[in-house]
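Single-letter residue listing:
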Amino acid sequence: MIQKKTLAALEKVIMALAPLDPESRRQVVEATHNLIEIGRGRQGGDAPPPKKPAAKRRR
């Protein structure tokens, strides 16, 4: 259900931006981007763990 609402909202945004010239569209997108709060992210929390060195062979 959320996906349908998101798609409907995206369609409305596209229809609203369609009549604008490219520069006006860019300004609207830039202004909208400035309103969105960007989090700090995971700070590498999703990076794979470092690999262990290969074990030495015993004789």
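Before reading on, note that the structure itself is shown above.
Cut-offs applied
- Per chain, residue numbering runs from 1 following the sequence as it is written.
- Per-residue local features of the predicted model are confined to residues with pLDDT of at least 70, and side-chain atom pairs are confined, for both listing and counting, to 80 or more; whole-chain, interface and lining totals are unaffected and use all residues.
- The side-chain quantities take in all heavy atoms of the structure and omit both hydrogens and water.
- In this text, helices come from DSSP runs of H or I with a minimum length of four residues, and strands from runs of E with a minimum of two, each type numbered from the N-terminal end.
- Type-normalised accessible area, obtained with a 1.4 Å probe on protein chains alone, sets the label of each residue: buried when under 20%, exposed when over 50%, and partly exposed for intermediate values.
- Under the convention used here, a 1.4 Å probe and the Shrake-Rupley method define accessible areas, while residue burial counts only the protein chains that appear.
- One less than the residue count of a helix, multiplied by 1.5 Å, gives the span that helix is expected to have.
- Should a side-chain nitrogen of Lys or Arg be within 4 Å of a carboxyl oxygen of Asp or Glu, the pair is scored as a salt bridge.
- Patch definition: residues with relative accessible area over 30% and no salt bridge; like charges joined within 9 Å; nonpolar side chains (Val, Leu, Ile, Met, Phe, Trp, Tyr) joined within 5 Å.

(A) Representation of the overall build of the protein chain. Within the protein chain, the secondary structure is distributed over 2 helices and 0 strands. Across the 59 residues of the protein chain, 2% fall into the buried class. Just so you have it, the protein chain exposes about 6600 Å², and 60% of that area is on carbon and sulfur atoms.

(B) Layout of helix 1 (residues 2-17). Over its 16 residues, helix 1 extends 23 Å from the first C-alpha to the last, a length consistent with the 22 Å expected when each residue adds 1.5 Å. By the criterion of burial, helix 1 is predominantly exposed, with just 1 of the 16 residues buried.

(C) Structural view of the pattern of salt bridges. According to the stated counting rule, one finds 2 salt bridges in the structure shown. Notably, a salt bridge pairs Arg26 with Glu23, separated by 2.6 Å at the nearest N-O pair. Taken together, the positions of Arg26 and Glu23, both in helix 2 (residues 22-35) and 3 residues apart, correspond to about one turn of that helix. A relative accessible area of 39% places Glu23 in the partly exposed class. With a closest N to O distance of 2.6 Å, Arg26 and Glu30 form a salt bridge. A residue pair is termed a helical-turn pair when its members lie 3 or 4 positions apart in one helix, as Arg26 and Glu30 do in helix 2 at 4 residues. Look at Arg26 and you get partly exposed, because its relative accessible area is 41%.

(D) How the structure looks around a nonpolar patch on the surface. A cluster of nonpolar side chains, Leu7, Leu10, Val13 and Ile14, forms an exposed patch at the surface whose accessible area comes to about 370 Å². In this fold, Leu10 is placed in helix 1. The class of Leu10 is partly exposed, set by a relative accessible area of 47%.

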